[in-house]
Number of protein chains: 2
Amino acid sequence: MAGYKVRAAESGDCEEIIRMIQELAEYEKLSDQVKNTAEGLRRDGFEEPSPLFRCLVAEAEDEQKRAEGPRLVGYALSHYIYSTWEGRSLYLEDLYVMPSYRGKGIGSKLLTATAEMCLSLGCARLQLSVLDWNQPAISFYQSRGGRNLSDEEGWRIIRFLPEDLRRMISKNAERDGDPGLL
Amino acid sequence: MAGYKVRAAESGDCEEIIRMIQELAEYEKLSDQVKNTAEGLRRDGFEEPSPLFRCLVAEAEDEQKRAEGPRLVGYALSHYIYSTWEGRSLYLEDLYVMPSYRGKGIGSKLLTATAEMCLSLGCARLQLSVLDWNQPAISFYQSRGGRNLSDEEGWRIIRFLPEDLRRMISKNAERDGDPGLL
């Protein structure tokens, strides 16, 4: 990983981070779902009194590398979650290294730095989700000690979008015969 | 749901909430994993400058019901998550109604109140996990509009425990020949 260092992201990195978020979504074949912007990242991660996430970035160390390619070539974005059983925990939302910079240990360095942050914040665990067809990612995490909870314990993810929530609320109000529920 | 109202939890509710957390873990056959305490809940949810979670509770409305059984008979505990694609979102960590109080619409009322909170906080989605053998829970959420992302998109959950993180960090340091990684 000579030539690339991992450091905490700063507000000025958000343009490059959103570029990589878009690249990762394209790899996951879900790029139409990206609604966020550099401005949104700045507001949520750097201007909120309690930032909604923490981000680490991998940066080219010397001027020559920066002239040849992008300044930032990877990122790891995580946020707190809360386990009712164990308390404060950390969730790794995204870990990404640009394809032409893979195989240099940059992903390992980002994950290890996230692991260190997780422990130093007193978190009970580090958790993340992967797509079942993304075997390189599954192998990457499992070879570093990650436990596949979907296989071991049978967890499945359910999501409600805003339109689902509005539908649920209005159906519940109908059932109660009470349009102003709360 | 006559006789039970849903309201925001208060610091003084934590003893009853931890009792119900323990009951839910027993139902999920994972009760040995509960390390949290009423004191931990108070600190993390009510004394932190940025509380790590939000909790709604279902409470017996009249004195007679409170004399007959517990004051609190259900809870819904959620926390912020962050989607790099869509920004601030809400995660429903636990939704629980005591077995003898089911079938009265209390679970629906807790979920609907969480849905309203989710929208009023400007969250992009409400998300949760269920165990694959817990068909009543899967049906409950799906009948209210929840989408099963593990089936639809193939998401799987990976977890690292602190011992896994320490192992990863020390292995990475060996590989780098650098015991002081950061």
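Predicted, not measured: the structure shown is a model, and the values here were computed from it.

Here is what the cut-offs are and how they apply
- Residues numbered from 1 in each chain as written.
- Chains lettered and ligands numbered in written order.
- Predicted model: local features only at pLDDT ≥ 70, side-chain atom pairs only at ≥ 80, totals over all residues.
- Heavy atoms only, no water.
- Contact = heavy atoms within 4.5 Å.
- Buried area = accessible area lost by both parts, 1.4 Å probe.
- Salt bridge = Lys/Arg side-chain N within 4 Å of Asp/Glu carboxyl O.
- Polar contact = N/O pair within 3.5 Å; in protein donor to acceptor, adjacent residues only side chain to side chain.
- Nonpolar A, V, L, I, M, F, W, Y, C, P; charged D, E, K, R; others polar.
- Buried < 20%, exposed > 50% of the residue type's maximum accessible area, 1.4 Å probe, protein only.
- Helix = DSSP H or I, 4+ residues; strand = E, 2+ residues; numbered from the N terminus.
- Pairing = 2+ DSSP bridges.
- pLDDT = per-residue confidence, 0-100.
- Expected span 1.5 Å × (residues − 1).

A.B. asks: Help me understand the interface of chain B and chain A in this model?
C.D. replies: Often, the extent of an interface is quoted as the loss of accessible area upon association of its parts. The interface of chain B with chain A comprises 76 residues on the first partner and 75 residues on the second. With both sides pooled, the region where chain B packs onto chain A buries about 8,100 Å², and carbon together with sulfur makes up 59% of that total. Considering only the side of chain B, the residues that lose the most area to chain A are Y82(B), W85(B) and R159(B), jointly responsible for 12% of the buried surface there. For the pair chain B and chain A, the interface holds 4 salt bridges. Salt-bridge contacts for E48(A) lead to R88(B); the nearest nitrogen and oxygen are separated by 3.0 Å. Along the contact surface separating chain B from chain A lie 27 residue pairs in polar contact (both at pLDDT 80 or more). When the residues that make up the side of chain B that touches chain A are grouped by side-chain class, the tally is 37 nonpolar, 18 polar and 21 charged.

A.B. asks: Explain the pairing of strand β2 (residues 54-60) of chain A here, please?
C.D. replies: When a strand is regular, its side chains alternate between the sheet's two faces. All names here are of chain A. In terms of residue burial, β2 counts as a mostly covered element, since 6 of its 7 residues are buried. Summarising the sheet, strand β1 (residues 4-8) and β2 pair through 5 bridges and their orientation is antiparallel. When the sheet's bridge partners are listed, V6 is paired in β2 with A58. Sheet topology places β2 next to strand β3 (residues 72-83); 6 bridges connect them, and they run antiparallel. Along β3, the bridge assignment pairs L56 with A76.

A.B. asks: Explain the sheet that holds strand β7 (residues 155-160) of chain B to me, please; I cannot follow it from the model alone.
C.D. replies: Pairing within the open sheet is mixed, and its 7 strands lie in the order β1(A)-β2(A)-β3(A)-β4(A)-β5(A)-β7(B)-β6(A). Edge positions in the sheet fall to β1 and β6 (147-148) of chain A, since each of these pairs with one other strand and no more. Bridge analysis of β6(A) against β7(B) gives 2 bridges, and the strand direction is antiparallel. Along β7(B), the bridge assignment pairs N148(A) with I158(B).

A.B. asks: Whenever I open this one, the confidence of the model for chain A confuses me. Can you help?
C.D. replies: Close reading of the predicted structure is inappropriate where its pLDDT is low. Of all residues in chain A, 95% have pLDDT values of 70 or greater, and the mean over the chain is 88. When the criterion is pLDDT under 50, residues 178-182 of chain A qualifies, and its contacts beyond four places in sequence or with other chains add up to 9 contacts.

A.B. asks: What is the right way to look at helix α4 (residues 106-120) of chain B in this model?
C.D. replies: Note: α-helices contain 3.6 residues per turn, so residues at a spacing of three or four share the same orientation. Residue and element names in this part refer to chain B. The end-to-end C-alpha distance of α4, which contains 15 residues, comes to 21 Å, matching closely the 21 Å that a straight helix rising 1.5 Å per residue would cover. Among the 15 residues of α4, 12 are classified as buried, and the element is accordingly described as predominantly covered. Every buried residue of α4 is listed here: I106, G107, S108, K109, L110, L111, T112, A113, T114, A115, M117 and C118. Positive phi shows up at G122, right after α4, with a value of about 75 degrees.

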